[in-house]
Structure formats: C-alpha cells, structure tokens
Amino acid sequence: MDYNFLKKALLDKYFGFLNAMQREAVYTTEGPLLVLAGAGSGKTTVIVNRIANIVLFGRAATDNSVPENAQALIAPMKSALASGKPEYIREILKKCAVAPAAPYRVLCITFTNKAAREFKERLLSTLGESANDIWAGTFHSVCVRILRRHIDLLGYNNSFTIYDTDDCKKLITEILKELNISESALPPKMAMQSISRSKESDRTAHDELLDAGKDRLAHYIARVYESYQAKLKAANALDFDDIIMLTNRLFESHPDILDRYREHFQYILVDEYQDTNPSQSRLVALLAGKRRNVCVVGDDDQSIYSFRGATVDNILGFDREYGNAKIIRLEQNYRSVGNILEAANGIIKNNSSRKGKELWTEAEDGEKIRIVQLPTQVEEANFICETIAERVKKGAKYSDFAVLYRVNALSNSLETAFVKSRMPYKIFGGLRFYERREIKDILAYLSVIANPNDSVRLRRIINLPKRAIGEATVEKLATVADELNVNMLTVAENATAYPELSRAALKLKGFARLINELREYSEVNSLSDTVSYVIEQTGYRKMLAEEENGEEREQNVLELVSSAKLFAETSENPTLDEFLNELALVSDLDSYEEENDSVALMTVHSAKGLEFNTVFIAGFEEGLFPIMRQSSDSDSEEERRLAYVAVTRAKKSLYLLHVENRMLYGRSEFKQISKFAQEIPQSVCECRPLRKRSSTFGQSGSEMQESRSNYLENVRKSAQKEQKSIESFEVGARVAHVMFGAGEIISATPMGADMLYEIEFDNGSVKRLMGTYAKLKRL
DNA sequence: GCTGGACATTTTTTT
DNA sequence: AATGTCCAGC
C-alpha cells in the first residue's frame, strides 16, 4: 500500500463523521473557496474542522509528494487505520502533515459576538489550548484591534471612542440644526443611511459633493456627511462604518502595514458571507492579497439583511471576483424532516437571483405542515398555547417550541396568552440591556471621564440629572469650544472667562468640577467602584429613586456595577477604557442566556441560526409576511428568503398561522393568507378549517383599559393565585383522579410553572399528567 | 429652563 | 395601542 493512499484513507477515517461534500470543503485549504451551506447542513462543523485540518495537517490532504521518512511511517499508519482510534490516527497524521499553519495564522471572521464565541469554544474543544491563538472575531472587533495599533497614521488618537447608532443620530440631528436643514427636508434616518452607504463604498463627503450636482437633497446629505465626519474626528470617535472603512483606508495608504497583516494571516475564513457589505468584502480581498487563501461560507438563500447594507452580490459574485474559485455546495440537511424541507424548497425556488441549491435529507417525511386559519390574533395566540400544552402533556419540553413572527408588534397578543396560560416563555429582542436609557446615561458619564472630547456623550449628561443647564447654554458652550478649538469640558471649566456664558457660568463650573472629581476617583479606584461612585455622586441614583417607575431602572443601573465587577474579574486589563471598548461592540448582557425551559418568542430575523422541534409562524399573511411596502422585486425576494429561514428553523413540526381579522397598530384589518403558503406543495400540508371564536385566554375589553404592563402584571398575579390553589404533591402521595381512580405519585418533575406527575394507578396503569389539568385530589 | 399635551410613527438588527 | 418626540406656553 502506498504512502499517499494510506494517508488519504487515514484522513477520511479521521474526518469520517463528515459527508463527502463537507470533507471536500475541509480538505480544500488553498485558494479561494466558496462553501454554499444550506440551512442545517453542518456549516459550523465544516468551518471548525477545516481550521483544525489547516492547523494539524496543513496541505496533507491535497499534497501528493512522498517524504523521505515515508517508509518508516507506513507501518504505524497501517496500524492506526486498523485501530480506528481518532487520537491515534491524529498523532500519526500529524507526522504526515504538509506545512501545517500555526494557529495565529488563521483568521476567522463572523458577524456576531455570539457566533465568534461559539467558534472559539468549538475550536478549543477540538484543538485544545493552541486554539486560543486563532484570531476569531467579528469584522468590527478584528478591525478595532488593528486600528488601536495604527490609527494614529490616519490622524486619529489610538484611544478612540466608538459611537453607536444612537450617538450618531444625535450628532446628525445636531448638524441638521446647525446647517439649518429641517428634519422634514432631510430626515436624520435618511441622512444616516445615506452616509452609511457612502462609507460602505469608501466614498468621502468630497466624492459625494462632486456627484451631487444640482440635486438639492444629495447636496444637503454631502454637507451633513462632511460636518459629521469632522465632528466625529474632533470627538476622537468612530462610528461602526468608520471601523471598517478606516481599516481599509489604513491598508490602502500604508502598504507596509498591509503587508505585515497579509504575512500574518495566511488563512482567512468568513462566516455568513451573504451578510457582508461592499467594504467588508473589500477588506477581505485586501487581507487575502495574492495568496488568496480565502474561504467564505454562507447561504445566498438566507440573506436577510440587505436593509442594513448587506449585499447578496458579494456571495453571488465571489467566483467572478476570485477567478477559478472552487464552489462546494452543502445540500444535505441534518435538521429537518422531509416535509419541512420540501416546503422550504418549494418556497425558495421561486427566487431568481440565487446560486441554486436543493436541500435533501435521509430523515423520514414526518408530520405534515399544518396551515391553520383562526378568526383573530386572540384565537391565534390561544391556539398556539393550547397546542403547546397538549404536546407538553405528551412529553415535550417548553424549550422545544418557538413562535416566530415578522414584526415585534405581534408579540403583545402572544404574550397575553402565554401569561394567562401560565406557560413559561421568553421574548427575545426588543430593547437590549445596553440600549436602555439609564445604562446609556451612566456609560455616557464614564465615556466623558475617559475621553473629555466626547461631545455627544457630554451633551447627553450635562443636564442629567437636571442642573439648570439648558439647551441654549449648551449651544453657546459648543460654539465657544468650536471657535477656540478645545473641548466643551474645558470651556465649562473656565466658564467665567466668557461673557456669553456668564449667566450659567457657576453651573457649568460645577459640572466640570464634578467630572474632574469623578475622573480623579476613577484613577485610584477599581472599575466597579468607579461605576457605583458615578451612579451616586452624579445624583443619578437619587433621580431614579424619585422617578415614578424608577425601580426597574435602578435595578438595571446596579446591574451595570455587577457587569463591571464581572469584567474586572475576567479581563486581563480591567481599565475603564477597556471596559467601554468592550461594551461598544457588545450588544447584550451575555450572562442572561440562562438555560431555562421556556417557549421562545422572536422575530424571524433573530431566529436565524437557531432550531426548534416545533415552530409556529404567526401572522403568515399578505401585508405582514411578506410585509407590505413599496415592493420592488429584490424586496420581495428578500421576504421570500425570510420565509425560507423561518420554515427551516423547524426540525419536526411546523404550524403556519393566519387570521381572518387582525388588529395591528390600532387598526383592524381583514387578512389574506401569505402568498408563500401557495408555494408549498399541497402534498406536504394539511389545512385546518377556521376555528370558532373562543375566549379561553382572550383579553376582554375592560381588561385592556389598563396599561399593558399593569394588565400583564395582574394577569400574572391572578394566575399565580390560581396556581397556589392547585395543590402540589410529593412522591409517594396517594391521590385520586376523576377518571383513573386512586393512585400513587411515583415522580414529580417541575415543568415551567406546572408539575408533571407520573402516577401509578391502582388498576395497574401508569400515566404522566400535568398538575394543572389532572385535577388531582389528595387521599 | 421645564412641563404637558399634541403629534407622528410603528420591518427586520449587529456592530 | 403604545411609545417616543416636538413645541407651545408657563
């Protein structure tokens, strides 16, 4: 047996848990590679193992040379093959490795921190400690790391601040005022979007101004852009688009630095490539250089973020941009049952701009897809709860279920039904921790302490809590600062020196003193102490305490102290700067991901990448899904992709719900079933007739008089009271059931708010019953 | 400078 | 229906 044959056999054995296509992707280490990974096709496994292959065995799979020590290796290779033990095979194969790459030479780019974390974890478990050297992060985190080192070459300070969308909007609004452009002539949102698109194509304000010509609006936008960029720079701040754009600019203007990174990163992987925008794909191309060891993974059919600048063209045109790129399709699905895949294929094949894939599975056909019509959203929500209750009774867990919808507004009626039925649920999305007003306020204080040039954050907190520093004063302050080319805090400090500020001078000085005191405190105290000092010393806590519904906000603010404590414990360098830096690129409190057994409620967008045994799609109606708007072809194709994503979340069963009459945004409308329902082959669905009106868990008019949060709170309380009145039983207790007679509890398992009892009845039968429904009596 | 009521707005969301 | 934003009037 020859060396290379054996080597190949060992590799195939080592990666034997992969299918042929997946293995092909793992083996292809050199040159541009596009992996079109269908939903549920084992994409993450492929990326992780491809990296493992690069690091452990290098080009062994494709190299056919025979090393000098080949003869000596043959015997151990044979015995490894015969043994079939992965650890043994791995050790032998490492001896056959051809130019394996050091872990730090691999760059793995993802879109979310969550995905990056997942990769790191899985790499750690396959490769061990050495996996820590692999650069795995989001586009933004990777670029920030690079910019922190070199951005001074572009005239910024290396300790720049990162502005989020909210900060940027404030800045834009401020500029519009300054330029005397009314918000109706140019809505800030539109300006932001425009500037964002410009930055994504690396176009400067100057470029836009030249192109604007006589177009008044384009002219406005260009001028806003110009001022916006200048103000960001003055505040030593970058927005999210700058992070990518400036990295590109750094590389383009400093080839020596680019060369260093090109040399460093020999292998580049990009996950979710269908979600990249033009500047991100340019960055990848720049880093790839002539070596072009770029592997992009994605699914053109799951591109659902074009509204924020992602372009399917990146993935569709990958093989054009990288001549002779290899394309591998992963079409075998390991997630869903046959009928669900057939439905998904049926929907997506109506799109024209796609590479073309057809999912298949070895799994059985499974249940038919249930298309259910109900009178209103109240019955819709009840139907979902009742169905879940039934299935839980049969042994399912609450966490096996998800309810997906196109818009967050649908979550309200669903939530009501869940509260009433006492079923554990969790609504994902909505306002995130770091986006809460109170959190942003405290972070604004911390930002100003860390970077006194941060004018947007300074404006945010200068009069919060109220210090009698009004808008007019702030404007004057900004003007003076602008003229003298110093920051606003410095002007405030010396307010008495400027006649135009005389009236508020004392207040301004007081504010400046406060900030300076906070800074001094932060320099000698721990991070978490600083955070709580800020909360107290600024009077913010007191302000919340006096607010009507301030308790929750107070809790959140205190939560920020624990979050700082946690950061101090886990970070190598727990400075204020590092803390703010970390938070700027993190969207939510990660520790909140506790594994509790509850039904998941979320938008289709946030469900991407997740899977559930049973999925309910609520509001599968024309005008809602696909959503109504001035539809262009590309928009309607994106809606279809969204439907495809929704359907492919389901593993075993899928319910598509639509109602006759829906109340949304205060209007009641008659609804037709979604056009996508007709694209699902008849053979895999089952339609349920319209259900009669029922109001088991429905909200009555009088109940809805109250505010929503009060209403839910009351419902919860009465549900709890009822819960208490239902007796609970311990193992061994004797109970009576209306139908089955007397029996003994043999097990009791908490299920959300309910208990699941296993009862052995005296007639010999053993039944599993939910406490709520069984109506048991103690004997 | 602050407050209350009119008024508009409401796809999706990460960084 | 619910919520945030804006502006007029105090």
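Novice: I keep staring at the pairing of strand β16 (residues 667-670) and nothing clicks. Help me out?
Specialist: One face of the sheet, then the other: side chains in a regular strand alternate in exactly this way. With four bridges joining them, strand β15 (residues 661-664) and β16 adopt antiparallel strand pairing. Note on β16: the bridge partner recorded for Leu664 is Arg667.

Novice: Would you take a moment to explain the sheet that holds strand β8 (residues 326-330) for this structure?
Specialist: Neighbouring strands of a sheet are bound in pairs by backbone hydrogen bonds; such pairs are parallel or else antiparallel. With parallel pairing, the six strands of this open sheet are ordered in space as β3-β2-β6-β7-β1-β8. Lying at the two open borders of the sheet, with one neighbouring strand each, are β3 (135-138) and β8. Strand-to-strand twist across the sheet, computed as the mean angle between neighbouring axes with direction ignored, equals 15°. In this structure, strand β6 (residues 267-270) lies alongside strand β7 (residues 294-298), joined through three bridges in parallel fashion.

Novice: Even after reading the chapter, I still don't get a positive patch on the surface, so can you show me in this structure?
Specialist: On the surface, a cluster of positive charge is contributed by Lys120, Arg145, Arg149 and Arg260. Summarising the element assignment, Arg149 is placed in helix α7 (residues 139-150).

Novice: I would appreciate a short explanation of the packing of aromatic side chains in the present structure.
Specialist: On inspection of all chains with the given rule, the structure shows 21 aromatic pairs. Ring centres 5.8 Å apart and planes at 45° place the aromatic pair Tyr305 and Phe307 in the tilted group. Judged by its relative accessible area of 14%, Tyr305 is buried. Arranged with centres 5.1 Å apart and planes meeting at 80°, the rings of Phe433 and Tyr434 form a pair that is edge-to-face. Judged on exposure class, the residue Phe433 and its partner Tyr434 are both buried. Chaining the aromatic ring pairs together yields one cluster made of Tyr14, Phe15, Tyr27 and Phe57. The residue whose ring lies beneath Arg145 is Trp135, and the NZ or CZ to ring-centre distance is 3.7 Å. For Arg308, the ring lying beneath its charged end belongs to Tyr305, and the centroid distance is 3.8 Å.

Novice: Quick question: what am I supposed to make of the packing of helix α4 (residues 70-83) against helix α5 (residues 86-95) here?
Specialist: Packed helix pairs are specified by the crossing angle of their axes together with the interaxial distance, meaning the distance between the axes. Remark: α4 packs on α5, axes separated minimally by 9 Å, with the N-to-C direction vectors making an angle of 155°. As judged from the angle between their axes, α4 and α5 are roughly antiparallel. Crossing of α4 against α5: the hand is left-handed. Between α4, through Leu73, Pro76, Met77, Ser79, Ala80 and Ser83, and α5, the contact on the second element is made entirely by Tyr88, Ile89, Ile92 and Lys95. Partitioning the contact of α4 with α5 into residue classes produces seven nonpolar, two polar and one charged.

What counts as what
- Residues numbered from 1 in each chain as written.
- Chains lettered and ligands numbered in written order.
- Predicted model: local features only at pLDDT ≥ 70, side-chain atom pairs only at ≥ 80, totals over all residues.
- Heavy atoms only, no water.
- Pairing = 2+ DSSP bridges.
- Helix = DSSP H or I, 4+ residues; strand = E, 2+ residues; numbered from the N terminus.
- Axes fitted to C-alpha atoms, helices over the stretch in contact; angles between N-to-C directions.
- Patch = residues over 30% accessible without salt bridge, like charges linked within 9 Å, V, L, I, M, F, W, Y side chains within 5 Å.
- Areas by Shrake-Rupley, 256 points an atom, 1.4 Å probe, with all protein chains shown as cover.
- Salt bridge = Lys/Arg side-chain N within 4 Å of Asp/Glu carboxyl O.
- Lys, Arg positive; Asp, Glu negative; His and termini not counted.
- Charge placed at Lys NZ, Arg CZ, Asp CG, Glu CD.
- Phe/Tyr/Trp six-rings, centres within 6.5 Å; stacked < 30°, edge-to-face > 60°.
- Buried < 20%, exposed > 50% of the residue type's maximum accessible area, 1.4 Å probe, protein only.
- Lys NZ or Arg CZ within 6 Å of the ring centre and 35° of its normal.
- Parallel < 35°, antiparallel > 145°, perpendicular 65-115°, else oblique.
- Left-handed = near helix turned anticlockwise from the far one by under 90°.
- Contact = heavy atoms within 4.5 Å.
- Nonpolar A, V, L, I, M, F, W, Y, C, P; charged D, E, K, R; others polar.

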